[in-house]
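Here is what each chain is made of, one letter per residue.
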Number of protein chains: 2
Amino acid sequence: MPKLVVRCFAISLDGFSAAPDQRLEAPFGRDGLRLMGWAFATKHFSAMFGRGGGAEGIDNDFASSADANIGASILGRRMFGPPPDVQDKAAWRGWWGTNPPYHHPVFVLTHEEKAPLEMEGGTRFTFVNDGIHSALAQAFAAANGKDVRLAGGAATVRAYLKAGLIDELHLVQVPVLFGQGERIFEDLGGVESLYECVEFTPSAAVSHLRIVKKAN
Amino acid sequence: MPKLVVRCFAISLDGFSAAPDQRLEAPFGRDGLRLMGWAFATKHFSAMFGRGGGAEGIDNDFASSADANIGASILGRRMFGPPPDVQDKAAWRGWWGTNPPYHHPVFVLTHEEKAPLEMEGGTRFTFVNDGIHSALAQAFAAANGKDVRLAGGAATVRAYLKAGLIDELHLVQVPVLFGQGERIFEDLGGVESLYECVEFTPSAAVSHLRIVKKAN
């Protein structure tokens, strides 16, 4: 059965996945890019940005396999953008330039009605207005037998987790202190009866955790 | 200058340091002792409980040095007890039997007025009714030039952190999912301007983090 998975989802030591004040120059909020330092240091990300170098090892293994067997993605509204400081909101086509790193159908949860955006490299953004179950059904259909990746942000991961719809969640605990922001583990009492942590793989920089649905 | 330190303070992957339903048989709440598995496995804890064996290594190093240069401790009301299911509350003398593992003066924050308890092995419990600053002043005076250890629980650590009174906080991130309970990182917006994480030392079982006040 195809799965709904979350991969390489970074959280601060105090549990936040985004800091306040998201802006065009700060997609993860103020000082929020500290969450991604471990990823930017990998060989996989270096190659993605057209640079050489970057480190191999545990972090690179997780980063480079995050899209394995993924046929479609789901994003929340704030992960797609635009952030509040962008003036021409109608012209917004995501954070990722003309050739986004998805290369497959992407379903964006939003209350705004918008025509699909066909991007270079195989990414097509479809805007879903009727909720998380609908987005998931559309994504599974588009994935054509492959898994669906829920890319974020925090509120969207939390909503799918609360509904018990995520099959596997790979978290990256980053040793930085945010103090405030958005968390996935908020108002999730009961999630402990549905899910358990089955893997703990620390690297020199961060801790990788794998959380899956409990077998009944 | 003597410091106020927190050492070996365990939190679940979702940020909780105690689960709901604290009872006599469950001092960390329902299934809460999962937070302490890493510690119970160490040589230091085995020796403390009068057993042989136990593992050496990173976790043991942190566990066995947690009381280095500590002259007094501070506890919150729930960390001292009694839990709700204890009938004879007046007879309660803490969770730790006749010879508690402190062996120095311990200041318990509570609204209840109680005479000090003199225990075996040098532990003396003094009950403080007038707040965290008073407890800290009394603890520093009793520590006689040594550091003071804030032992917990979560609400008490949070209160001292919010007031900027903690000099050093050693957290142990344990890869277990609680879903609910008490956290230290709640309603602490602004803490990120006062504190930073300066050490990340994972073992095979858990991640050790050291958080200190920023230099000005």
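Here's what I pulled together on the structure shown here. Computed from a prediction, not measured in an experiment: that's the story for all the values here.

Let us look at the overall build of chain A. Helix and strand counts for chain A come out as seven helices and 11 strands. Radius of gyration (C-alpha) of chain A: 17 Å, near the 17 Å computed for a compact globule of 216 residues. Seen through its C-alpha atoms, chain A measures out along the principal axes to roughly 45 × 40 × 35 Å. In chain A, which comprises 216 residues, the proportion classed as buried is 51%. Contacts in chain A between residues at least 24 apart in sequence constitute 63% of all its contacts with a sequence separation of at least 6. When the accessible area of chain A is evaluated, it comes to approximately 9700 Å², of which 53% is carbon and sulfur surface. Side chains of chain A give 21 positive and 24 negative charges; the mean places of these two sets differ by 0 Å.

Here we come to the sheet that holds strand S3 (residues 70-75) of chain B. Residue and element names in this part refer to chain B. The sheet built from nine strands is open, its strands ordered S5-S6-S4-S3-S7-S1-S8-S11-S10 with mixed pairing. Strands at the two margins of the open sheet, each flanked by one partner only, are strand S5 (117-118) and strand S10 (195-202). As judged from the five bridges shared by S3 and strand S7 (residues 147-152), these two strands associate in the parallel manner. Looking at the pairing, Ala72 lines up with Val148 of S7. The strands touched by helix H6 (residues 154-162) are strand S1 (4-12), S3, strand S4 (105-109), S7, strand S8 (168-174) and S10; relative to S7, the strand with the most contacts, the crossing angle is about 135 degrees.

Quick look at the interface of chain A and chain B now. Of the residues lining the interface, 30 residues belong to chain A; the matching set on chain B comes to 30 residues. Summed over both partners, the interface of chain A with chain B buries about 2200 Å², with 62% contributed by carbon and sulfur atoms. In terms of surface lost to chain B, no three residues of chain A exceed Leu13(A), Leu177(A) and Phe200(A), which account for 27% of the buried area on that side. Linking chain A with chain B are two salt bridges. The salt bridge partner of Glu186(B) is Arg183(A), with a shortest N-O separation of 3.7 Å. Remark: the boundary between chain A and chain B carries five residue pairs in polar contact (both at pLDDT 80 or more). Of all elements in the fold, only strand S8 (168-174), helix H7 (191-194), strand S10 (195-202) and strand S11 (207-213) of chain A reach the threshold of two or more residues within the side of chain A that touches chain B.

This brings us to the environment of Ala142(A). All names here are of chain A. Structurally, Ala142 can be placed in helix H5 (residues 132-143). Remark: the alpha-carbon pair of Ala142 and Ala72, spanning 70 residues in sequence, is separated by 6.4 Å. Once residues lying within four places of it in the same chain are set aside, the contact partners of Ala142 are Gly71, Pro105 and Phe107.

The next point concerns a nonpolar patch on the surface. There is a patch of nonpolar side chains on the surface, built from Leu33(A), Phe40(A), Met48(A) and Phe49(A) and spanning about 360 Å² of accessible area. In this structure, Phe40(A) sits in helix H1 (residues 37-40).

Our next topic: the relation of the copies chain A and chain B. When chain A is brought onto chain B, the operation consists of a screw motion whose angular component is 180 degrees and whose axial shift is 0.0 Å, with 0.0 Å RMSD remaining. Taken together, the rotation and translation describe the operation of a two-fold axis. Counting the interface residues of chain A, we find that 100% of their copies in chain B are interface residues as well, pointing to one common contact surface.

Right, let's get into the sheet that holds strand S1 (residues 4-12) of chain A. Residues and elements named next belong to chain A. Ordered in space as S5-S6-S4-S3-S7-S1-S8-S11-S10, the nine strands form an open sheet in which the pairing is mixed. The strands lining the two open edges of the sheet, one partner per strand, are strand S5 (117-118) and S10. Relative to strand S6 (residues 124-128), strand S4 (residues 105-109) runs parallel, the two sharing five bridges. Note that in S6 the partner of Leu109 across the bridge is Val128. Where helix H6 (residues 154-162) meets the sheet, it contacts S1, strand S3 (70-75), S4, strand S7 (147-152), S8 and S10, and its direction lies at approximately 135 degrees from that of S7.

Per the counting criterion, the structure on display carries 20 aromatic pairs over all chains. Summarising the aromatic geometry, the rings of Phe45(A) and Phe49(A) are spaced 6.1 Å apart at their centres and angled 50 degrees between planes, so their arrangement reads as tilted. When its relative accessible area of 15% is taken as the criterion, Phe45(A) is described as buried. Taking the centre distance of 4.9 Å and the plane angle of 70 degrees together, the rings of Phe80(B) and Phe125(B) count as edge-to-face. Linking Phe80(B) in helix H4 (residues 77-80) with Phe125(B) in strand S6 (residues 124-128), this pair joins segments that are 45 residues apart in sequence. Like Phe80(B), the residue Phe125(B) is buried in the burial classification.

Here we take up the pattern of salt bridges. Inspection of the entire model under this criterion finds 20 salt bridges over all chains. When the shortest N-O distance is used, the salt bridge between Glu182(B) and Arg78(B) registers 3.2 Å. A residue pair is termed long-range when its members are at least 10 positions apart, and Glu182(B) in strand S9 (residues 182-183) and Arg78(B) in helix H4 qualify at 104 residues. You can call Glu182(B) partly exposed: its relative accessible area is 23%. Residue Arg210(B) pairs with Glu168(B) through a salt bridge whose shortest N-O separation is 3.7 Å. With a gap of 42 residues between them, Arg210(B) in strand S11 (residues 207-213) and Glu168(B) in strand S8 connect regions that are remote in the sequence. We classify Arg210(B) as partly exposed; its relative accessible area is 27%. Through salt bridges with shared partners, a single ionic network connects Arg183(A), Glu186(A), Arg183(B) and Glu186(B).

What counts, and at which threshold
- Counting restarts for each chain: residues are numbered from 1 in the order of the written sequence.
- Here the convention is simple: chains get letters from A, ligands get numbers from 1, in the order in which they are written.
- Per-residue local features of the predicted model are confined to residues with pLDDT of at least 70, and side-chain atom pairs are confined, for both listing and counting, to 80 or more; whole-chain, interface and lining totals are unaffected and use all residues.
- As a rule here, side-chain values cover all heavy atoms of the structure and leave hydrogens and water aside.
- Secondary structure elements follow DSSP: runs of H or I of four or more residues count as helices, runs of E of two or more count as strands, with numbering from the N terminus.
- Radius of gyration here is computed from C-alpha atoms only, and the compact-globule reference equals 2.2 Å multiplied by the residue count raised to the power 0.38.
- Categorising residues by exposure relies on relative accessible area from a 1.4 Å probe, with only protein chains included: less than 20% of the type maximum marks a residue as buried, more than 50% marks it as exposed, and the intermediate range marks it as partly exposed.
- Contact criterion: two residues are considered in contact whenever any of their non-hydrogen atoms come within 4.5 Å of each other.
- Surface accessibility follows the Shrake-Rupley procedure with a 1.4 Å probe radius. Residue values consider only the protein chains on display as shielding.
- In this tally, Asp and Glu contribute negative charge and Lys and Arg positive charge; neither His nor the terminal groups of the chain are included.
- Taken as the charge centre is NZ of Lys, CZ of Arg, CG of Asp or CD of Glu, depending on the residue.
- Each pair of strands is called paired provided DSSP finds at least two bridges between the two strands.
- Fitted lines through C-alpha atoms serve as axes, helices being fitted only where they are in contact, and the angles separating the N-to-C directions of these axes extend from 0 to 180 degrees.
- A quick way to say it: buried area is the sum, across both parts, of accessible area lost when two parts are put together, with a 1.4 Å probe.
- Basic side-chain nitrogens of Lys or Arg form a salt bridge, by our definition, when they fall within 4 Å of a carboxyl oxygen of Asp or Glu.
- Contacts described as polar in this section are N or O atom pairs within 3.5 Å, which, within protein, must combine one atom able to donate a hydrogen with one able to accept it, while residues neighboring in sequence count only if both atoms come from side chains.
- Residues enter patches when they are more than 30% accessible in relative terms and free of salt bridges; like-charged ones are connected within 9 Å and nonpolar ones (Val, Leu, Ile, Met, Phe, Trp, Tyr) within 5 Å.
- All copies are superposed by least squares; the fitting set is the C-alpha atoms of residues with a pLDDT of at least 70 in both.
- Geometry of aromatic contacts follows a simple scheme: Phe, Tyr and Trp rings, the Trp one being its six-membered ring, pair when their centres are within 6.5 Å, and the pair is stacked under 30 degrees between planes, edge-to-face over 60, tilted otherwise.

Just distances and angles here, no functional claims.
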